[in-house]
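# Examining the three-dimensional arrangement
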Amino acid sequence: MEKGKAMARRWAVDFSDSSSSSHPTVADPPGFTRSAPDLDETSGSRQKKDAEAAWKAQKAWEVAQAPFKNLLMMGFMMWMAGNTVHLFSMGITFSALWQPISALRSVGKVFEPYKDPKVDLNAPRLLFIALNLGGLLLGMWKLNTLGLLPTHASDWVFSLPPAKEVEFAGGGSPFY
């Protein structure tokens, strides 16, 4: 065998024109078809899209039910804080008020990842809003039990006009 000559080997494969023509002796691998059908019309892609839509709907419901866990935790923390006005109870109460308000302000952002034409997000959004309004009502109830809401007539005395004098006592002599 000479050094300068190129020898054709039995095990060597020539890849020079494999892209332009197919070899009839080599079978296609399993699952491969040479004519690619339209992906939107295949049942596999439809099933994949349906599965993705079902997953998005399930995750949207999980996100919508998340404030319920927060309600239970906040209720327990408010119960542990007691009914006296001090720093801890005020912090818990204002946290219970702020969390639902900030969640209600960002409803659109919360459900943005689950937008899909096949997924109806109205019911999960309504549940999310209702649970956050429940959290807001829980915070308002705690403010009322602490006595910080003006719910009695005596809380509005400053806005009443001064009482008119009904009697006048006069006469007598002053004591010096």
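As a starting point, this report considers the structure included with it. (Residues numbered from 1 in each chain as written. Predicted model: local features only at pLDDT ≥ 70, side-chain atom pairs only at ≥ 80, totals over all residues. Heavy atoms only, no water.)

### Quick look at the packing of helix 1 (residues 43-81) against helix 2 (residues 87-105)
Condition: Interaxial angles span 0 to 180 degrees and are taken between N-to-C directions of axes, which are lines fitted to C-alpha atoms, for helices over the stretch in contact. Per the convention used, a helix needs a DSSP run of H or I reaching at least four residues, while a strand needs a run of E reaching at least two, with both numbered from the N terminus. Should an angle fall under 35 degrees it is taken as roughly parallel, and over 145 as roughly antiparallel, whereas 65 to 115 is taken as roughly perpendicular and any remaining angle as oblique. The crossing is said to be left-handed when, going from far helix to near helix, the turn is anticlockwise and less than a right angle, and right-handed when the turn is clockwise. Two residues form a contact once any of their heavy atoms are found within 4.5 Å. Each residue is assigned to one class: nonpolar for Ala, Val, Leu, Ile, Met, Phe, Trp, Tyr, Cys and Pro, charged for Asp, Glu, Lys and Arg, and polar for all the others, Gly among them.
Running from N to C, helix 1 and helix 2 cross one another at 160°; their axes reach a closest spacing of 9 Å. Judged by the angle between their axes, helix 1 and helix 2 are roughly antiparallel. Crossing geometry of helix 1 relative to helix 2 is assigned as left-handed. Contacts between helix 1 and helix 2 involve Asn-70, Met-74, Met-77, Met-78 and Ala-81 on the former and, on the latter, Phe-88, Ser-89, Ile-92, Ser-95, Ala-96 and Gln-99. For the contact of helix 1 with helix 2, the residue count by class is seven nonpolar, four polar and no charged.

### Re the nonpolar core
Threshold: By nonpolar core we mean a set of buried residues, namely Ala, Val, Leu, Ile, Met, Phe, Trp, Tyr and Cys, connected to one another through side-chain atoms within 4.5 Å. For every residue, the accessible area (1.4 Å probe, protein chains only) is compared with the maximum for its type, and the residue is labelled buried under 20%, exposed over 50%, or partly exposed between those bounds.
Counting residues in each nonpolar core, the largest one holds ten residues, listed as Ala-53, Ala-60, Ala-64, Ala-103, Val-107, Phe-111, Tyr-114, Val-119, Leu-121 and Phe-128. For this core, the element with the highest residue contribution is helix 1, accounting for three residues. Once residues within four sequence positions are removed from consideration, Phe-111 is found in contact with Ala-60, Val-63, Ala-64, Leu-121, Pro-124, Arg-125 and Phe-128.

### Remarks on the side chain of Asn-132
Looking at where Asn-132 falls in the secondary structure, it is placed in helix 4 (residues 122-145). On the accessibility criterion, Asn-132 (6% relative accessible area) is buried. Ignoring anything within four residues of it in the chain, the contact list for Asn-132 reads Pro-67, Pro-100, Ala-103 and Leu-104.

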